[in-house]
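Per-entry structural report
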Amino acid sequence: MPPQILAVGNLKGGTGKTTLAVNLAAELAGKRKVHLVDADAQESATEWFQLDGGLPFTCEALPLDDPGEAAGWIARITTNPADLVVVDLPPHTGAATAAALILADLFLVPIGPSTLDIRAAAKALDMLTEAREAREDGKPAALLILSKVDRRTAAGREIEAALHEMGEPVGPMVGLRSAFVDAASGGSWIGAYAPRSVAHQEIATLAAVAARILKGKKHGTA
Ligand SMILES: Nc1ncnc2c1ncn2[C@@H]1O[C@H](COP(=O)(O)OP(=O)(O)O)[C@@H](O)[C@H]1O
Ligand SMILES: [Mg+2]
């Protein structure tokens, strides 16, 4: 069976894509074989993996810049022996994002606390709509994730309200927490670095929602 595919993307850098991709891949690896595809030519996920902090999945750098090479890129991912492939996407509307949207079962869009983030996310959702129209299976499902946000601030609350008006389901949020940065510095992930932290709880909650969607149950249903 080909693996299920979870893509993490937004058309803006620094929104927490790589942080979310690595931590979710690690959390989901507790119950299934996970492979992380680093599709960003900047290779942040690959570098994180190479710090040898014991991340519980396999990882490969697989950038895609030329749309003419998309077929080979897609074949490489769909023939991976893992149960789940997590794809960490680059921050632009390149070939990798388009190809990942054609493949993905679930598209996660981390959105940071600024109006620029909301605008970039709106463009990513346009690409999502195009991909759904091109496919016949209604996929990918999507989840908007409020990322790096301090909910106690007015800006955080405003962004959260804006997310709910974007027409896609809003998943559990990921707060602005230094533990994510500290875990990454040592090549680790939050579940190994600080298993009882609120940060880990957020990742576990989000992973459970993602797993439910991948199983074919809708967000919010038991
Ligand atoms: N939830 C978070 N809380 C605090 N810092 C974060 C969080 N998510 C990401 N960061 C930090 O923000 C920076 C950009 O995050 P990254 O995941 O690399 O974003 P992207 O892949 O979207 O460019 C990194 O230094 C990372 O450690
Ligand atoms: Mg990144």
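Residues numbered from 1 in each chain as written. Chains lettered and ligands numbered in written order. Predicted model: local features only at pLDDT ≥ 70, side-chain atom pairs only at ≥ 80, totals over all residues. Heavy atoms only, no water.

1. Some points on unusual backbone geometry
Residue P140 follows K139 across a cis peptide bond; omega there is 0 degrees. Turning to its location among the elements, P140 is positioned in the loop between α5 (115-134) and β6 (141-149). Although it is not a glycine, D52 sits at a positive phi angle of roughly 60 degrees. One non-glycine residue with positive phi stands out, namely K148, at about 60 degrees. Mapped onto the secondary structure, K148 falls in strand β6. (Helix = DSSP H or I, 4+ residues; strand = E, 2+ residues; numbered from the N terminus.)

2. Comments concerning the nonpolar core
One finds L6, L20, L36, F57, V86, L108 and I190 to be the most contacted residues of the largest nonpolar core, which totals 40 residues. Ranked by the residues each element gives to this core, the list is headed by helix α9 (residues 198-214), at nine residues. What L6 contacts, discounting residues up to four positions off in sequence, is L28, L84, V85, V86, V87, L106, L108, A210 and L214. Ranked by size, the runner-up nonpolar core spans 39 residues in total, among them A95, A99, V109 and M173. (Core = buried A, V, L, I, M, F, W, Y, C linked by side-chain atoms within 4.5 Å. Buried < 20%, exposed > 50% of the residue type's maximum accessible area, 1.4 Å probe, protein only. Contact = heavy atoms within 4.5 Å.)

3. Some thoughts on the layout of surface pockets
When its volume is computed, the largest pocket comes out at roughly 320 Å³. K31, R32, A207, A208 and A211 are, among the 14 residues lining the largest pocket, the residues nearest its centre. Mapped by element, the contributors of at least two residues to the lining of the largest pocket are α1 (17-28) and α9. Here the element with the most residues in the lining of the largest pocket is α9; it accounts for six residues. (1 Å grid on protein atoms, 1.4 Å probe; cavity = no way out; pocket = protein on both sides within 12 Å on 5 of 7 lines; lining within 4 Å. Points joined across faces, edges and corners; volume = space filled by probe spheres on them.)

4. Regarding the site of ligand 1
Around ligand 1, 14 residues are found, and the nearest of them are G14, K17, T18, T19 and G175. At 2.7 Å from an oxygen atom of ligand 1 is found a main-chain nitrogen or oxygen belonging to G14. Measuring from a nitrogen atom of ligand 1, one finds a backbone N or O atom of G175 at 2.8 Å. Within the complex, 75% of the 550 Å² of free accessible area of ligand 1 lies under protein. Those elements giving two or more residues to the shell around ligand 1 turn out to be α1, β7 (174-175) and α7 (178-185). Looking at which element gives the most residues to the shell around ligand 1, the answer is α1, with three residues. Split into classes, the residues belonging to the shell around ligand 1 amount to four nonpolar, seven polar and three charged. (Near = heavy atom within 4 Å. Polar contact = N/O pair within 3.5 Å; in protein donor to acceptor, adjacent residues only side chain to side chain. Areas by Shrake-Rupley, 256 points an atom, 1.4 Å probe, with all protein chains shown as cover. Nonpolar A, V, L, I, M, F, W, Y, C, P; charged D, E, K, R; others polar.)

5. Topic: the sheet that holds strand β3 (residues 58-61)
If you walk across this open sheet you meet the seven strands as β3-β2-β4-β1-β5-β6-β7, and the pairing is parallel. Each end of this open sheet is capped by a strand with a single partner; those strands are β3 and β7. As defined by bridge partners, strand β2 (residues 34-38) adjoins β3 across four bridges and the pair is classed as parallel. The residue bridging H35 from the neighbouring strand is T58, located in β3. On the sheet, α1 packs against β1 (4-8), β2, β4 (84-88), β5 (106-111), β6 and β7 and is oriented at approximately 165 degrees with respect to β4. Packed on one face of the sheet, α9 meets β1, β4, β5, β6 and β7 and runs near 170 degrees to β6. (Pairing = 2+ DSSP bridges. Axes fitted to C-alpha atoms, helices over the stretch in contact; angles between N-to-C directions.)

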